[in-house]
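Report on the structure
Listed below are the residues making up each chain.
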Amino acid sequence: EHSTQLPTSGVPQDTEPSMVGKSVVTLDDLTTSQIVDLLHKAQYIETHRHEVAHTCDGRVLATLFYEPSTRTRLSFETAMLRLGGHVIGFAGAQLSSVTKGESIADTVKTVSNLVDVIAMRHPKEGAALVAARAAKDFGIPVINAGDGGHMHPTQTLADLATITSRYGRITGLTIGLCGDLTFGRTVHSLVETLCRFGNVNFVLISPDELKMPRYVIDRIKRAPSCTYTEVRDLAAVIGDLDVLYMTRVQKERFFNEDDYLRLRDTYILDEAKLQRAKPDMAVLHPLPRVNEISVDVDHDPRAAYFEQVHNGMLMRMALESSVVGDTLPGYEEWKNQ
Ligand code: CP
(Lines give C-alpha, C1' and ligand atoms only; values in the text may rest on other atoms or scores of the structure.)
Protein backbone atom coordinates (compact mmCIF):
# COMPACT_ATOMS: atom_id res chain seq x y z
CA GLU A 1 0.00 0.00 0.00
CA HIS A 2 2.94 2.34 0.62
CA SER A 3 4.56 1.73 -2.76
CA THR A 4 3.33 5.07 -4.09
CA GLN A 5 5.51 6.19 -6.98
CA LEU A 6 6.77 9.25 -5.19
CA PRO A 7 10.05 10.54 -6.55
CA THR A 8 12.99 10.70 -4.21
CA SER A 9 15.86 13.13 -4.42
CA GLY A 10 18.29 10.27 -4.78
CA VAL A 11 19.86 11.03 -1.40
CA PRO A 12 20.13 7.90 0.72
CA GLN A 13 17.93 8.06 3.81
CA ASP A 14 20.79 7.58 6.30
CA THR A 15 22.58 10.71 5.08
CA GLU A 16 19.49 12.88 5.46
CA PRO A 17 19.79 15.82 7.84
CA SER A 18 17.57 15.41 10.87
CA MET A 19 14.15 17.03 11.03
CA VAL A 20 14.38 17.24 14.82
CA GLY A 21 14.10 20.83 16.00
CA LYS A 22 13.63 22.02 12.41
CA SER A 23 11.49 25.09 11.80
CA VAL A 24 9.41 25.05 8.65
CA VAL A 25 8.81 28.55 7.30
CA THR A 26 8.56 27.31 3.72
CA LEU A 27 8.94 23.78 2.39
CA ASP A 28 12.37 24.87 1.16
CA ASP A 29 13.36 24.24 4.78
CA LEU A 30 12.95 20.52 4.12
CA THR A 31 14.81 18.33 1.65
CA THR A 32 12.84 16.63 -1.08
CA SER A 33 13.50 13.29 0.61
CA GLN A 34 12.14 14.64 3.88
CA ILE A 35 8.94 15.74 2.12
CA VAL A 36 8.59 12.29 0.58
CA ASP A 37 9.22 10.72 3.99
CA LEU A 38 6.42 12.85 5.50
CA LEU A 39 4.09 11.61 2.77
CA HIS A 40 4.97 8.02 3.63
CA LYS A 41 4.58 8.73 7.35
CA ALA A 42 1.09 10.12 6.71
CA GLN A 43 0.18 6.94 4.83
CA TYR A 44 1.47 4.89 7.76
CA ILE A 45 -0.43 6.97 10.32
CA GLU A 46 -3.66 6.56 8.36
CA THR A 47 -3.48 2.79 8.67
CA HIS A 48 -1.82 2.55 12.12
CA ARG A 49 -3.80 5.03 14.23
CA HIS A 50 -3.72 2.83 17.31
CA GLU A 51 0.04 2.19 17.11
CA VAL A 52 0.88 5.91 16.88
CA ALA A 53 -1.59 7.15 19.50
CA HIS A 54 1.11 7.67 22.18
CA THR A 55 3.96 8.84 19.94
CA CYS A 56 4.01 12.35 21.46
CA ASP A 57 2.91 11.55 25.02
CA GLY A 58 3.82 14.48 27.26
CA ARG A 59 4.59 16.89 24.41
CA VAL A 60 2.95 20.30 24.19
CA LEU A 61 2.09 22.19 21.00
CA ALA A 62 1.38 25.94 21.06
CA THR A 63 -0.88 27.34 18.36
CA LEU A 64 -0.32 31.10 18.06
CA PHE A 65 -2.93 32.29 15.59
CA TYR A 66 -2.97 36.04 14.99
CA GLU A 67 -5.36 35.57 12.07
CA PRO A 68 -8.61 33.57 11.75
CA SER A 69 -8.48 29.88 10.89
CA THR A 70 -10.72 26.85 11.06
CA ARG A 71 -8.89 23.97 9.35
CA THR A 72 -5.26 24.78 10.00
CA ARG A 73 -5.48 25.50 13.71
CA LEU A 74 -7.90 22.70 14.46
CA SER A 75 -5.91 20.17 12.46
CA PHE A 76 -2.59 21.20 14.05
CA GLU A 77 -4.27 20.73 17.41
CA THR A 78 -6.06 17.48 16.53
CA ALA A 79 -2.81 16.11 15.14
CA MET A 80 -1.00 16.64 18.46
CA LEU A 81 -3.95 15.29 20.46
CA ARG A 82 -4.12 12.17 18.28
CA LEU A 83 -0.41 11.60 18.92
CA GLY A 84 -0.98 11.72 22.68
CA GLY A 85 0.26 15.29 23.27
CA HIS A 86 -1.36 18.46 24.59
CA VAL A 87 -2.18 21.86 23.14
CA ILE A 88 -2.12 25.45 24.38
CA GLY A 89 -2.43 28.72 22.48
CA PHE A 90 -4.65 31.50 21.26
CA ALA A 91 -6.99 31.78 18.31
CA GLY A 92 -6.92 35.57 18.13
CA ALA A 93 -4.26 37.98 19.31
CA GLN A 94 -6.83 40.13 21.14
CA LEU A 95 -6.62 37.88 24.22
CA SER A 96 -2.82 37.85 24.33
CA SER A 97 -0.22 40.41 25.42
CA VAL A 98 0.13 41.49 21.80
CA THR A 99 -2.59 44.00 22.70
CA LYS A 100 -0.07 45.55 25.15
CA GLY A 101 2.46 45.95 22.37
CA GLU A 102 4.49 42.75 22.77
CA SER A 103 6.56 41.85 19.71
CA ILE A 104 6.31 38.54 17.84
CA ALA A 105 9.87 37.72 18.91
CA ASP A 106 9.15 38.25 22.62
CA THR A 107 5.93 36.25 22.47
CA VAL A 108 7.74 33.38 20.73
CA LYS A 109 10.70 33.48 23.15
CA THR A 110 8.21 33.28 26.01
CA VAL A 111 6.24 30.41 24.52
CA SER A 112 9.48 28.59 23.61
CA ASN A 113 10.09 28.24 27.34
CA LEU A 114 6.78 26.45 27.74
CA VAL A 115 6.27 24.03 24.85
CA ASP A 116 7.95 21.59 22.46
CA VAL A 117 6.71 22.97 19.13
CA ILE A 118 4.94 26.12 17.91
CA ALA A 119 2.53 26.56 14.99
CA MET A 120 1.99 30.21 14.10
CA ARG A 121 -0.29 32.07 11.68
CA HIS A 122 0.16 35.78 11.16
CA PRO A 123 -1.21 38.30 8.62
CA LYS A 124 2.26 39.68 7.82
CA GLU A 125 4.61 38.10 5.31
CA GLY A 126 7.86 37.20 7.03
CA ALA A 127 6.35 36.86 10.52
CA ALA A 128 7.03 33.11 10.55
CA LEU A 129 10.70 33.70 9.79
CA VAL A 130 10.93 36.20 12.68
CA ALA A 131 9.32 33.61 14.95
CA ALA A 132 11.61 30.79 13.78
CA ARG A 133 14.68 32.93 14.48
CA ALA A 134 13.38 33.87 17.94
CA ALA A 135 12.71 30.23 18.85
CA LYS A 136 16.02 28.94 17.51
CA ASP A 137 18.01 29.81 20.63
CA PHE A 138 15.64 27.62 22.63
CA GLY A 139 15.78 24.72 20.14
CA ILE A 140 12.04 24.94 19.55
CA PRO A 141 10.71 24.39 16.02
CA VAL A 142 8.22 26.86 14.56
CA ILE A 143 5.88 25.71 11.82
CA ASN A 144 4.45 28.40 9.58
CA ALA A 145 0.67 28.06 9.52
CA GLY A 146 0.38 30.87 6.95
CA ASP A 147 2.14 34.25 6.82
CA GLY A 148 0.14 36.86 4.94
CA GLY A 149 0.08 36.25 1.20
CA HIS A 150 3.47 34.51 1.33
CA MET A 151 3.47 30.79 2.17
CA HIS A 152 1.39 28.02 3.77
CA PRO A 153 3.67 24.98 3.81
CA THR A 154 1.47 22.56 5.73
CA GLN A 155 -1.42 23.23 3.34
CA THR A 156 0.97 22.19 0.60
CA LEU A 157 1.74 18.97 2.46
CA ALA A 158 -2.02 18.31 2.53
CA ASP A 159 -2.25 19.10 -1.18
CA LEU A 160 0.64 16.79 -2.06
CA ALA A 161 -0.89 13.97 -0.02
CA THR A 162 -4.21 14.46 -1.81
CA ILE A 163 -2.68 14.50 -5.29
CA THR A 164 -0.69 11.38 -4.35
CA SER A 165 -3.76 9.59 -3.06
CA ARG A 166 -5.65 10.36 -6.28
CA TYR A 167 -2.87 9.71 -8.81
CA GLY A 168 -0.19 7.70 -6.99
CA ARG A 169 2.31 10.35 -8.07
CA ILE A 170 2.87 14.11 -8.06
CA THR A 171 4.82 14.45 -11.29
CA GLY A 172 3.83 14.10 -14.93
CA LEU A 173 0.55 15.90 -14.29
CA THR A 174 -1.15 18.96 -15.76
CA ILE A 175 -2.14 21.09 -12.80
CA GLY A 176 -4.46 24.06 -13.19
CA LEU A 177 -4.39 26.77 -10.52
CA CYS A 178 -7.42 29.01 -10.72
CA GLY A 179 -8.55 32.25 -9.12
CA ASP A 180 -6.57 34.58 -6.90
CA LEU A 181 -3.01 33.63 -7.80
CA THR A 182 -1.64 36.96 -6.52
CA PHE A 183 -2.68 36.76 -2.87
CA GLY A 184 -3.32 33.03 -2.52
CA ARG A 185 -0.42 31.81 -0.39
CA THR A 186 -1.40 28.16 -0.80
CA VAL A 187 -0.75 28.24 -4.55
CA HIS A 188 2.62 29.92 -4.02
CA SER A 189 3.69 27.17 -1.63
CA LEU A 190 2.32 24.43 -3.88
CA VAL A 191 4.05 25.66 -7.03
CA GLU A 192 7.31 26.18 -5.19
CA THR A 193 7.23 22.61 -3.94
CA LEU A 194 6.03 20.94 -7.14
CA CYS A 195 8.91 22.68 -8.92
CA ARG A 196 11.27 20.80 -6.60
CA PHE A 197 9.95 17.52 -7.98
CA GLY A 198 9.86 18.78 -11.58
CA ASN A 199 7.94 17.50 -14.62
CA VAL A 200 4.73 19.43 -14.00
CA ASN A 201 2.68 21.31 -16.59
CA PHE A 202 1.17 24.34 -14.82
CA VAL A 203 -1.90 26.10 -16.21
CA LEU A 204 -2.29 29.42 -14.40
CA ILE A 205 -5.90 30.62 -14.69
CA SER A 206 -6.66 34.09 -13.39
CA PRO A 207 -7.89 37.54 -14.33
CA ASP A 208 -5.09 39.96 -15.25
CA GLU A 209 -5.42 41.67 -11.87
CA LEU A 210 -4.74 38.45 -9.93
CA LYS A 211 -1.91 36.84 -11.86
CA MET A 212 0.79 34.70 -10.30
CA PRO A 213 3.61 36.86 -8.85
CA ARG A 214 6.77 37.13 -10.91
CA TYR A 215 8.93 35.36 -8.32
CA VAL A 216 6.74 32.25 -8.56
CA ILE A 217 6.83 32.32 -12.37
CA ASP A 218 10.60 32.61 -12.21
CA ARG A 219 10.65 29.56 -10.00
CA ILE A 220 8.72 27.57 -12.62
CA LYS A 221 11.13 28.72 -15.32
CA ARG A 222 14.07 27.36 -13.34
CA ALA A 223 12.41 24.02 -12.52
CA PRO A 224 13.39 20.87 -14.40
CA SER A 225 10.91 19.87 -17.12
CA CYS A 226 8.20 22.26 -15.88
CA THR A 227 6.11 24.36 -18.25
CA TYR A 228 3.44 26.98 -17.68
CA THR A 229 0.75 28.86 -19.53
CA GLU A 230 -1.23 31.84 -18.26
CA VAL A 231 -4.88 32.01 -19.34
CA ARG A 232 -8.05 33.75 -18.26
CA ASP A 233 -10.73 31.31 -19.44
CA LEU A 234 -11.22 28.22 -17.25
CA ALA A 235 -13.67 26.57 -19.65
CA ALA A 236 -11.10 26.67 -22.46
CA VAL A 237 -8.55 24.60 -20.51
CA ILE A 238 -10.52 22.50 -18.03
CA GLY A 239 -10.52 19.47 -20.35
CA ASP A 240 -6.69 19.36 -20.30
CA LEU A 241 -6.29 19.23 -16.51
CA ASP A 242 -5.47 16.33 -14.18
CA VAL A 243 -5.85 18.58 -11.14
CA LEU A 244 -7.88 21.77 -10.83
CA TYR A 245 -6.85 23.76 -7.75
CA MET A 246 -9.50 26.40 -7.10
CA THR A 247 -8.80 29.35 -4.80
CA ARG A 248 -10.86 31.97 -3.00
CA VAL A 249 -10.38 35.62 -3.89
CA GLN A 250 -8.58 36.79 -0.75
CA LYS A 251 -10.80 39.66 0.39
CA GLU A 252 -8.62 40.34 3.44
CA ARG A 253 -5.58 41.15 1.28
CA PHE A 254 -7.29 43.66 -1.05
CA PHE A 255 -6.61 47.36 -0.60
CA ASN A 256 -9.76 48.36 -2.45
CA GLU A 257 -13.23 46.89 -1.75
CA ASP A 258 -14.49 47.76 -5.26
CA ASP A 259 -11.74 45.64 -6.82
CA TYR A 260 -12.69 42.73 -4.58
CA LEU A 261 -16.38 42.99 -5.48
CA ARG A 262 -15.54 43.17 -9.19
CA LEU A 263 -13.26 40.12 -9.11
CA ARG A 264 -14.69 37.81 -6.46
CA ASP A 265 -17.04 35.83 -8.74
CA THR A 266 -14.76 35.59 -11.78
CA TYR A 267 -14.69 31.79 -11.50
CA ILE A 268 -17.51 29.62 -10.24
CA LEU A 269 -17.02 25.90 -10.76
CA ASP A 270 -20.28 23.98 -11.02
CA GLU A 271 -21.42 20.61 -12.32
CA ALA A 272 -22.16 22.07 -15.77
CA LYS A 273 -18.55 23.28 -16.12
CA LEU A 274 -17.24 19.95 -14.83
CA GLN A 275 -18.90 18.18 -17.79
CA ARG A 276 -15.94 19.28 -19.91
CA ALA A 277 -13.34 17.93 -17.45
CA LYS A 278 -11.64 14.54 -17.48
CA PRO A 279 -13.57 11.88 -15.55
CA ASP A 280 -10.69 11.46 -13.08
CA MET A 281 -9.67 15.12 -12.71
CA ALA A 282 -9.25 16.00 -9.03
CA VAL A 283 -10.78 19.25 -7.78
CA LEU A 284 -8.76 20.71 -4.91
CA HIS A 285 -9.40 23.82 -2.83
CA PRO A 286 -7.62 24.78 0.40
CA LEU A 287 -10.95 26.06 1.79
CA PRO A 288 -12.69 28.11 3.04
CA ARG A 289 -14.67 28.59 -0.16
CA VAL A 290 -17.06 31.41 -0.77
CA ASN A 291 -18.73 31.10 -4.20
CA GLU A 292 -15.97 29.62 -6.33
CA ILE A 293 -17.16 26.02 -6.08
CA SER A 294 -20.87 25.37 -6.17
CA VAL A 295 -22.09 22.94 -3.49
CA ASP A 296 -23.47 20.71 -6.24
CA VAL A 297 -19.86 19.74 -6.98
CA ASP A 298 -19.41 18.32 -3.46
CA HIS A 299 -21.01 15.01 -4.43
CA ASP A 300 -19.00 14.64 -7.63
CA PRO A 301 -16.30 11.96 -7.17
CA ARG A 302 -13.78 14.46 -8.55
CA ALA A 303 -14.25 16.74 -5.52
CA ALA A 304 -11.21 16.19 -3.30
CA TYR A 305 -11.32 19.26 -1.06
CA PHE A 306 -12.65 17.60 2.08
CA GLU A 307 -10.10 14.80 1.60
CA GLN A 308 -7.50 17.59 1.72
CA VAL A 309 -8.66 18.46 5.24
CA HIS A 310 -8.22 14.86 6.37
CA ASN A 311 -4.84 14.59 4.67
CA GLY A 312 -3.81 17.87 6.30
CA MET A 313 -4.29 16.35 9.72
CA LEU A 314 -2.28 13.24 8.79
CA MET A 315 0.55 15.35 7.36
CA ARG A 316 0.60 17.57 10.45
CA MET A 317 0.81 14.44 12.60
CA ALA A 318 3.78 13.34 10.49
CA LEU A 319 5.44 16.76 10.71
CA GLU A 320 4.83 17.43 14.40
CA SER A 321 6.19 14.03 15.48
CA SER A 322 9.21 14.49 13.20
CA VAL A 323 10.23 17.96 14.38
CA VAL A 324 9.88 17.13 18.08
CA GLY A 325 11.95 13.97 17.50
CA ASP A 326 9.40 11.30 18.38
CA THR A 327 9.56 8.11 16.33
CA LEU A 328 6.30 6.62 15.07
CA PRO A 329 6.27 3.08 16.52
CA GLY A 330 6.61 0.51 13.72
CA TYR A 331 7.17 3.05 10.94
CA GLU A 332 10.75 2.15 10.03
CA GLU A 333 9.89 -1.56 9.82
CA TRP A 334 6.81 -0.80 7.71
CA LYS A 335 8.79 1.42 5.37
CA ASN A 336 11.50 -1.19 4.86
CA GLN A 337 9.11 -4.06 4.22
N1 CP B 1 -6.87 26.11 4.31
C2 CP B 1 -6.78 26.92 5.38
O3 CP B 1 -5.72 27.47 5.69
O4 CP B 1 -7.95 27.07 6.07
P5 CP B 1 -8.13 27.95 7.40
O6 CP B 1 -7.88 29.38 7.02
O7 CP B 1 -9.53 27.68 7.86
O8 CP B 1 -7.09 27.48 8.38
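Once a new chain begins, its residue numbering starts again from 1 and follows that chain's sequence as written. A pLDDT threshold of at least 70 governs which residues receive local features in this predicted model, and a stricter bar of 80 or more applies before side-chain atom pairs are shown or counted, although totals over entire chains, interfaces and linings include all residues.

So, the pairing of strand E3 (residues 117–122)
Most of E3 is tucked away: six of the six residues are buried. For every residue, the other C-beta atoms within 10 Å of its own C-beta are counted; 20 or more classify it as buried, 12 or fewer as exposed, and values in between as partly exposed. C-beta atoms are placed from the backbone. Put simply, DSSP marks the helices as runs of H or I at least four residues long and the strands as runs of E at least two long, and each gets a number from the N terminus on. What you see with E3 is no split at all: Val-117, Ala-119 and Arg-121 on one side and Ile-118, Met-120 and His-122 on the other are buried throughout. What makes two strands pair is DSSP finding at least two bridges between them. Note: strand E1 (residues 60–65) against E3, five bridges, orientation parallel. The residue of E3 that forms the bridge with Phe-65 is Arg-121.

Comments concerning the site of the ligand
Residues in contact with the ligand, as listed here, are Ser-69, Thr-70, Arg-71, Thr-72, Gly-146, Gln-155, Pro-286, Leu-287 and Pro-288. Residue composition of the shell around the ligand, by class: three nonpolar, five polar and one charged. In this entry, domain limits derive from an automatic or database-based domain assignment. There are two domains that each give the shell around the ligand at least three residues, and those are domain 1 (14–150 + 312–330) and domain 2 (153–309). Nearness is defined per residue: the C-beta atom, placed using the backbone, must lie within 6 Å of the molecule or strand. Amino acids outside the nonpolar list (Ala, Val, Leu, Ile, Met, Phe, Trp, Tyr, Cys, Pro) and the charged list (Asp, Glu, Lys, Arg) are all regarded as polar, and Gly is one of them.

Concerning the sheet that holds strand E6 (residues 200–205)
Taken in spatial order, the five strands line up as E7-E6-E5-E8-E9 in an open sheet, and their pairing is parallel. Across the chains shown, the open sheet's two edge strands, defined by having one partner strand only, are strand E7 (227–231) and strand E9 (282–284). For this sheet, the mean inter-axis angle between neighbouring strands, taken without regard to orientation, is 20°. Inspection of the sheet shows E6 paired to E7 by five bridges, in the parallel sense. In the sheet register, Ile-205 faces E7, and the bridge partner there is Val-231. Across the sheet, helix H6 (residues 153–167) lies against strand E5 (173–178), strand E8 (243–246) and E9, angled at about 170° from E9, the strand it touches most. Every axis in this analysis is a line fitted to C-alpha atoms, fitted for helices over the stretch in contact. Angles between the N-to-C directions lie between 0 and 180 degrees. Any residue pair is listed as a contact if its two C-beta atoms, each placed from the backbone, are within 7 Å.

A short note on the pairing of strand E2 (residues 86–90)
Relative to E2, E1 runs parallel, the two being bridged by five bridges. Among the inter-strand pairings, Leu-61 is bridged to a residue of E2, identified as Val-87. A crossover counts as right-handed when, viewed with the strands pointing away from the observer, the path leading from the first strand over the helix to the second turns clockwise. Note that the unit made of E1, helix H3 (residues 71–82) and E2 has a crossover that is right-handed.

Points about the nonpolar core
Take the buried Ala, Val, Leu, Ile, Met, Phe, Trp, Tyr and Cys residues, join any whose C-beta atoms are within 7 Å, and the set you get is a nonpolar core. Grouped together as the largest cluster of nonpolar side chains are 93 residues, with contacts concentrated most on Ile-118, Ala-131 and Tyr-245. The element that contributes the greatest number of residues to this core is helix H12 (residues 305–324), accounting for eight residues. A domain-level breakdown of this core finds at least three residues from each of domain 1 (14–150 + 312–330) and domain 2 (153–309). Leave out the neighbours within four places in its chain, and Ala-131 touches Ile-104, Val-108, Ile-118, Met-120 and Val-142.

Re the domain arrangement of the protein chain
Partitioning the protein chain into structural domains gives domain 1 (14–150 + 312–330) and domain 2 (153–309). Between the C-alpha centres of domain 1 and domain 2 there is a distance of 25 Å. With 24 residues of domain 1 at the interface, the matching set in domain 2 holds 23 residues. Residue assignment for the side of domain 1 that touches domain 2 shows that the elements contributing at least two residues are helix H1 (32–47), H3, strand E4 (142–147) and H12. Across the side of domain 1 that touches domain 2, the residue classes tally to 11 nonpolar, 10 polar and three charged.

Here we look at the packing of H1 against H6
Between H1 and H6, the least distance of the axes is 10 Å, while the angle of their chain directions is 70°. Here H6 runs roughly perpendicular to H1, going by the angle between their axes. Crossing handedness for the pair H1 and H6: right-handed. Two secondary-structure elements touch here, H1 through Leu-38, Leu-39 and Ala-42 and H6 through Leu-157, Leu-160, Ala-161 and Thr-164. Classifying every residue of the contact of H1 with H6 gives six nonpolar, one polar and no charged. These descriptions rest on fixed angle ranges, namely under 35 degrees for roughly parallel, over 145 for roughly antiparallel, 65 to 115 for roughly perpendicular, and the rest for oblique. In this scheme, a crossing is called left-handed if the near helix is turned counterclockwise away from the far one by less than a right angle; it is called right-handed if the turn is clockwise.

Focus: the UniProt feature "binding site: carbamoyl phosphate" (unreviewed entry) in the protein chain
When the UniProt feature table is mapped onto this chain, "binding site: carbamoyl phosphate" (unreviewed entry) is found at Arg-71, Thr-72, Arg-121, His-152, Gln-155, Leu-287 and Pro-288. As for its placement among the helices and strands, Thr-72 is situated in helix H3. When the 25 C-beta atoms within 10 Å are taken as the criterion, Thr-72 is described as buried. Contacts of Thr-72, omitting those with residues within four sequence positions, involve Arg-121, Ala-145, Gly-146 and Thr-154. UniProt positions are given in the numbering used here, feature names are shortened, and annotations may be inferred rather than shown by experiment.

Considering the packing of H6 against H12
Close contact between H6 and H12 brings their axes to 8 Å; oriented N to C, the two are set at 115°. Like other packed secondary-structure pairs, H6 and H12 cross with a definite hand, here right-handed. For the pair H6 and H12, the contacting residues are Thr-154, Gln-155, Leu-157, Ala-158, Asp-159, Ala-161, Thr-162 and Ser-165 in the first and Glu-307, Gln-308, Asn-311, Gly-312, Leu-314, Met-315, Arg-316 and Leu-319 in the second. Taken together, the residues of the contact of H6 with H12 sort by class into six nonpolar, seven polar and three charged.

Quick notes on unusual backbone geometry
For the bond running from Leu-287 to Pro-288, omega is 5°, close enough to zero to count as cis. Along the polypeptide, Pro-288 turns up in the loop between E9 and H12. At Asn-199, a residue that is not glycine, the phi angle is positive and equals roughly 55°. Positionally, Asn-199 belongs in the loop between helix H7 (185–197) and E6. On the basis of neighbour counts, which here come to 17 C-beta atoms within 10 Å, the residue Asn-199 falls in the partly exposed class. With respect to the helices and strands, the residue Leu-287 is situated in the loop between E9 and H12.

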